[in-house]
Amino acid sequence: MQEQLVAKFKELFGADGEIRTYFAPGRVNMIGEHTDYNGGHVFPCALTIGTYGVVRKREDNRLRFYSMNFEKLGILESTLDDLKPDPAADWTNYPKGVIWAFGEKGMKITQGMDLLLFGNIPNGSGLSSSASVEVLTGYILKDFYGCDVTNQDIALIGQYSENKFNGVNCGIMDQFAIAMGKKGHAIFLDTATLEYTYAPIELKDAKIVISCSNKKRGLGDSKYNERRAECEKALEEIQQYVGISSLGDLNEEEFEKFKSAIKDEDRQKRARHAVYENQRTIKAVEALKNNDVEMFGKLMNESHVSLRDDYEVTGIELDTLAEEAWKVDGVIGSRMTGAGFGGCSVSIVKNDAVDTFIEQVGKAYKEKIGYAADFYVVEIGDGPTRLA
């Protein structure tokens, strides 16, 4: 893989100078959805699929980008003097945004780059291809350009660039999970404080299966920002009666006590999801500590129902994937993962049921939706790294 990418890089950009190769993973969130911007807990893990980058520093200020996933776009060019979002710049708004954000944080980049990317994350799947590109770019700026940052800094700068440059009001989870990934572990992250612990995922006789709906979605033009605004308004209403800084500060009992402060029924449902999902995530990690994978799966199923009924971010594609999964013997738990509105589901499936799961869910999905889903049996990997 690396040899092919380097060969393509040299074909496009020439063979002179020092060329380095990097990798940043994608991520999947096992449980804790739409809690990250509500001051709650999340439980994501980095994957062994992700984004590869081949890069060379330039002596001038030109930026030349090429993606093997979007070959028809060809080489997209820019300069360090022209770091502003531009629809015509397409996917390059993500690396450009990170370079811009480093400058905003006092680390101005003065040398351009030639960068070739290849991602084996399904595009638009909800496995964070955009955050993977952001973390990859940040790691290149750390390792190749000598910027003095930690991987946690890279995560925060990636979120900042997505919020301020690309206009998506995302939380910290995606970039954090990718930048801080650890093989065989998920990250139990308190998004309010950024305190985190690594929790081993020991499934023994089961696998994690990602089911990709193949419904394309864009976070910026979805209802993502709308949901966030609804939660912020609900928080303001509750704060009239109780001193909390986020919905994540409430447990279920406290929410039931104060929910009447939220004057709109939809906002009340959104807030209920944020509170209950946070508590589900805490319970799910406790279940794993006790080797109770069955309880973890039950909480995954409950998470999907809440995302469907209270948060209303699933849609027919993700509901079909989850509901068909629940019918298969050997499925421990299944839920939508990511922002919703398309994207993926994540399931824990017993080893001897994986083939049946893919066949049965795939058949039902195609019959109902009209096009096929894709399935990936995934492993939990490390964070970003330099390969060569």
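Residues numbered from 1 in each chain as written. Predicted model: local features only at pLDDT ≥ 70, side-chain atom pairs only at ≥ 80, totals over all residues. Heavy atoms only, no water.

Section: the pairing of strand β10 (residues 331–337)
Consecutive residues of a regular strand have side chains that alternate between opposite faces of the sheet.
Link 1 in the chain: With seven of seven residues buried, β10 lies mostly within the body of the structure.
Link 2 in the chain: Bridge analysis of β10 against strand β11 (residues 344–350) gives six bridges, and the strand direction is antiparallel. In the strand pairing of β11, Val331 is matched with Val349.
Link 3 in the chain: Connecting the antiparallel pair β10 and β11 is a turn made up of six residues, with Gly338 showing a positive phi of about 95°. (Buried < 20%, exposed > 50% of the residue type's maximum accessible area, 1.4 Å probe, protein only. Helix = DSSP H or I, 4+ residues; strand = E, 2+ residues; numbered from the N terminus. Pairing = 2+ DSSP bridges.)

A few points about the packing of aromatic side chains
Link 1 in the chain: What the rule picks out here adds up to 15 aromatic pairs.
Link 2 in the chain: Between Tyr365 and Tyr371, the ring centres sit 6.2 Å apart and the planes meet at 75°, which makes this aromatic pair edge-to-face.
Link 3 in the chain: The buried category is assigned to Tyr365, whose relative accessible area is 0%.
Link 4 in the chain: Under the relative-accessibility criterion, Tyr371 is labelled partly exposed at 31%.
Link 5 in the chain: Members of the aromatic cluster, connected to one another through ring pairs, are Phe43, Phe188 and Phe296.
Link 6 in the chain: In this arrangement the basic side chain of Lys57 is found over the ring face of Tyr145, its NZ or CZ atom lying 5.3 Å from the centre.
Link 7 in the chain: In this structure, Lys105 packs its charged tip against the face of Tyr160, placed 3.9 Å from the ring centre. (Phe/Tyr/Trp six-rings, centres within 6.5 Å; stacked < 30°, edge-to-face > 60°. Lys NZ or Arg CZ within 6 Å of the ring centre and 35° of its normal.)

Re unusual backbone geometry
Comment: phi is negative for the bulk of residues other than glycine, and the bulk of peptide bonds are trans.
Link 1 in the chain: Positive phi, close to 55°, is recorded for Lys204, a residue that is not glycine.
Link 2 in the chain: Examined against the element boundaries, Lys204 turns out to sit in the loop between β8 (195–200) and β9 (206–212).
Link 3 in the chain: Lys204 gets classed as exposed once you look at its relative accessible area, which sits at 70%.
Link 4 in the chain: Of note in this structure, Asn291 is not a glycine but carries a positive phi near 60°.
Link 5 in the chain: Its location among the elements puts Asn291 in the loop between α8 (265–289) and α9 (293–309).

Some remarks on helix α3 (residues 129–143)
Link 1 in the chain: Spanning 15 residues, α3 covers 21 Å between terminal C-alpha atoms, matching the ideal 21 Å at 1.5 Å per step.
Link 2 in the chain: Buried residues dominate α3, accounting for twelve of its 15 residues.
Link 3 in the chain: Among the residues of α3, Ser130, Ala131, Ser132, Val133, Glu134, Val135, Leu136, Thr137, Gly138, Tyr139, Ile140 and Leu141 are the ones counted as buried. (Expected span 1.5 Å × (residues − 1).)

Observations regarding the pattern of salt bridges
Link 1 in the chain: Taken as a whole and assessed by the stated rule, the structure comprises 31 salt bridges.
Link 2 in the chain: Residue Asp309 pairs with Arg308 through a salt bridge whose shortest N-O separation is 2.7 Å.
Link 3 in the chain: Taking relative accessible area as the criterion, Asp309 reaches 37% and is therefore assigned partly exposed.
Link 4 in the chain: Overlapping salt bridges, with partners in common, bring together Glu226, Arg227, Glu230, Lys269, Arg270 and Glu312 in one network. (Salt bridge = Lys/Arg side-chain N within 4 Å of Asp/Glu carboxyl O.)

Points about the environment of Phe341
Link 1 in the chain: Tracing the backbone through its elements, the reader meets Phe341 in the loop between β10 and β11.
Link 2 in the chain: Classification of Phe341 as buried rests on a relative accessible area of 16%.
Link 3 in the chain: Taking the C-alpha atoms as reference points, Phe341 and Glu253, separated by 88 residues in sequence, lie 30 Å from one another.

Some details on the packing of helix α10 (residues 315–326) against helix α11 (residues 354–369)
Link 1 in the chain: It is the contact of α10 with α11, at a shortest axis distance of 9 Å, that shows an interaxial angle of 145°. Between α10 and α11 lies a crossing whose hand is right-handed. Each of Ile316, Glu317, Thr320, Leu321, Glu324 and Ala325 in α10 lies in contact with α11, whose residues at this interface are Phe357, Val361, Ala364, Tyr365, Lys368 and Ile369.
Link 2 in the chain: Of the residues assigned to the contact of α10 with α11, the class counts are eight nonpolar, one polar and three charged. (Axes fitted to C-alpha atoms, helices over the stretch in contact; angles between N-to-C directions. Left-handed = near helix turned anticlockwise from the far one by under 90°. Contact = heavy atoms within 4.5 Å. Nonpolar A, V, L, I, M, F, W, Y, C, P; charged D, E, K, R; others polar.)

Regarding the sheet that holds β10
Link 1 in the chain: The sheet built from four strands is open, its strands ordered β10-β11-β9-β12 with antiparallel pairing. Each edge of the open sheet carries a strand with a single partner, namely β10 and β12 (374–378). Pairwise comparison of adjacent strand axes, ignoring direction, gives a mean angle of 20° for this sheet.
Link 2 in the chain: Taken together, the five bridges between β9 and β12 define a ladder with antiparallel strand orientation. Residue pairing across strands places Ser211 opposite Phe375, the latter belonging to β12.
Link 3 in the chain: Strand contacts of α11: β9, β10, β11 and β12, with the helix running at about 160° to β12, the strand carrying the most contacts.

A short note on helix α2 (residues 93–104)
Link 1 in the chain: With twelve residues, α2 should cover 16 Å at 1.5 Å per step; its first-to-last C-alpha distance of 16 Å lies within 8% of that length.
Link 2 in the chain: Listed as buried for α2 are Asn93, Pro95, Lys96, Gly97, Val98, Ile99, Ala101 and Phe102.
Link 3 in the chain: Against the buried residues of α2 lie β4 (62–67), β5 (76–79), β6 (113–119), α3 and α4 (151–164).

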